Amino acid sequence: PHCCASAETFASAGISIAASLGIVDTLAFGAEAEDLPGLQRIAKRLDSYRYREALAGLCEKNKHSSTGFPAQREALYRSLFGDDGISLLNQPNNILAIEYLRALQNHHDITPLLIQRYGAPHDHMDTSLSSASASASQIRAWILDQNRACIQKTVPDESLAILDCAHHSGRSPADIKRAEAAILWYFRNTAPHTTSLYADMPDGMAERLHHAAIQADSLEDMLSRCKTKKYTNARLRRSLLYAFFRVSVVSLSTFPAFT
């Protein structure tokens, strides 16, 4: 369940798996900024008692706010530490890199290796683009469209061979739309109070998802009816999948049992 969790949970789970192998001495990851010391400084600040105490109070105070968590966190960080490093908190790969560094603070035997990201920004979509700088989202779109010519220009030969094998065996492309009917059926036929018990389901989210499913004629329509300034599409999909797969709060808060 950790694979589609928030950046903090995703990174902590990944580091726990790497550390449990007993042979990992380096963790390589990408970031928009080529500034490992700057990212490490932010990671220590986010793990400080001062910040975490303030964050707990903020979350309780603003749990019914229409403002999303990223904006709340940025405002809190700025109030505690000023503008130093604030620009690094606005880029998605930097955010994940910071969470890796936070998790690595408990694993001093693993050294971080930062690789600067270049080319298309995270989630950037440009159907005219066919170079090695395409984003992962764009490559996934080409996989859905079975545009092998563009895929071939953007992935290593080894990855292309795996994709070709998956395609020929009928296992590709993977698309959530294949489960669309089942997901809509679930939310139309399950009581909201049951859904509210699953992981990453804030107050009111279950009712919002169920109400949207009854009105919607597709999964995308359902998500668009739920989207607000507070809840991004990614956050909604996460809550939706946890409910659909019945992921408990306990299973998400426990590290993966791969040791």
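Keep in mind it's a predicted model, so treat the numbers as computed, not measured. (Residues numbered from 1 in each chain as written. Predicted model: local features only at pLDDT ≥ 70, side-chain atom pairs only at ≥ 80, totals over all residues. Heavy atoms only, no water.)

### Side note on the packing of aromatic side chains
Part 1 of the argument: Under the counting rule described, the total for this entry stands at 5 aromatic pairs.
Part 2 of the argument: Judged by centre distance (4.8 Å) and plane angle (90 degrees), the rings of Tyr186 and Phe187 are edge-to-face.
Part 3 of the argument: Given the relative accessible area of 7%, Tyr186 is considered buried.
Part 4 of the argument: Measuring from centroid to centroid gives 6.3 Å for Tyr186 and Phe244, while their planes differ by 85 degrees, and the two rings are edge-to-face. Taken together, the positions of Tyr186 in helix 9 (residues 180-189) and Phe244 in helix 13 (residues 233-244) put the pair 58 residues apart, joining distant regions of the chain.
Part 5 of the argument: A relative accessible area of 22% places Phe244 in the partly exposed class.
Part 6 of the argument: Members of the aromatic cluster, each reached through a chain of ring pairs, are Tyr186, Phe187, Phe244 and Phe245. (Phe/Tyr/Trp six-rings, centres within 6.5 Å; stacked < 30°, edge-to-face > 60°. Buried < 20%, exposed > 50% of the residue type's maximum accessible area, 1.4 Å probe, protein only. Helix = DSSP H or I, 4+ residues; strand = E, 2+ residues; numbered from the N terminus.)

### Re the nonpolar core
Part 1 of the argument: In terms of nonpolar packing, the biggest core is built from 28 residues, with Leu27, Phe29, Leu39, Ile42, Tyr51, Tyr77 and Ile98 touching the most fellow members.
Part 2 of the argument: Looking at this core, the elements with two or more residues in it are helix 1 (7-21), strand 1 (26-31), helix 2 (36-46), helix 3 (49-61), helix 4 (69-81) and helix 5 (92-104).
Part 3 of the argument: Ranked by residue count, the leading element in this core is helix 5, at 6 residues.
Part 4 of the argument: Ignoring any residue separated from it by four or fewer positions in sequence, one finds Ile98 in contact with Leu39, Ile42, Ala43, Leu46 and Leu89.
Part 5 of the argument: If you look at the next biggest cluster of nonpolar residues, it comprises 20 residues, including Leu209, Leu223, Leu236 and Ala243. (Core = buried A, V, L, I, M, F, W, Y, C linked by side-chain atoms within 4.5 Å. Contact = heavy atoms within 4.5 Å.)

### Structural notes on the pairing of strand 1
Part 1 of the argument: Because side chains alternate across strand 1, one face comprises the buried residues Leu27, Phe29 and Ala31, and the other comprises Thr26, Ala28 and Gly30, none of which is buried.
Part 2 of the argument: Where strand 1 meets strand 2 (residues 111-116), 6 bridges bridge the pair, whose relative direction is parallel. Paired with Phe29 across the two strands is Leu114, which belongs to strand 2. (Pairing = 2+ DSSP bridges.)

### Brief notes about unusual backbone geometry
Part 1 of the argument: Each neighbour pair has its own omega, and for Ser172 with Pro173 the value is 5 degrees, a cis peptide bond.
Part 2 of the argument: Tracing the chain through its elements places Pro173 in the loop between helix 8 (157-168) and helix 9.
Part 3 of the argument: Phi at Asp200 takes a positive value of approximately 55 degrees, unusual for a residue other than glycine.
Part 4 of the argument: Residue placement: Asp200 occurs in the loop between helix 10 (192-195) and helix 11 (205-215).
Part 5 of the argument: Under the relative-accessibility criterion, Asp200 is labelled partly exposed at 25%.
Part 6 of the argument: At Arg246, a position not held by glycine, the phi torsion is positive, near 55 degrees.

### Focus on the confidence of the model for the protein
Part 1 of the argument: A residue-level look at the protein finds 92% of positions with pLDDT of 70 or above and a mean pLDDT of 88.
Part 2 of the argument: Highest mean pLDDT in the protein belongs to helix 9 (96); lowest belongs to helix 3 (82). (pLDDT = per-residue confidence, 0-100.)

### A few points about helix 8
Part 1 of the argument: End to end, helix 8 covers 16 Å across 12 residues, agreeing with the expected 16 Å (1.5 Å per residue, within 8%).
Part 2 of the argument: In the stretch just after helix 8, Gly170 is the one whose phi turns positive, near 85 degrees. (Expected span 1.5 Å × (residues − 1).)

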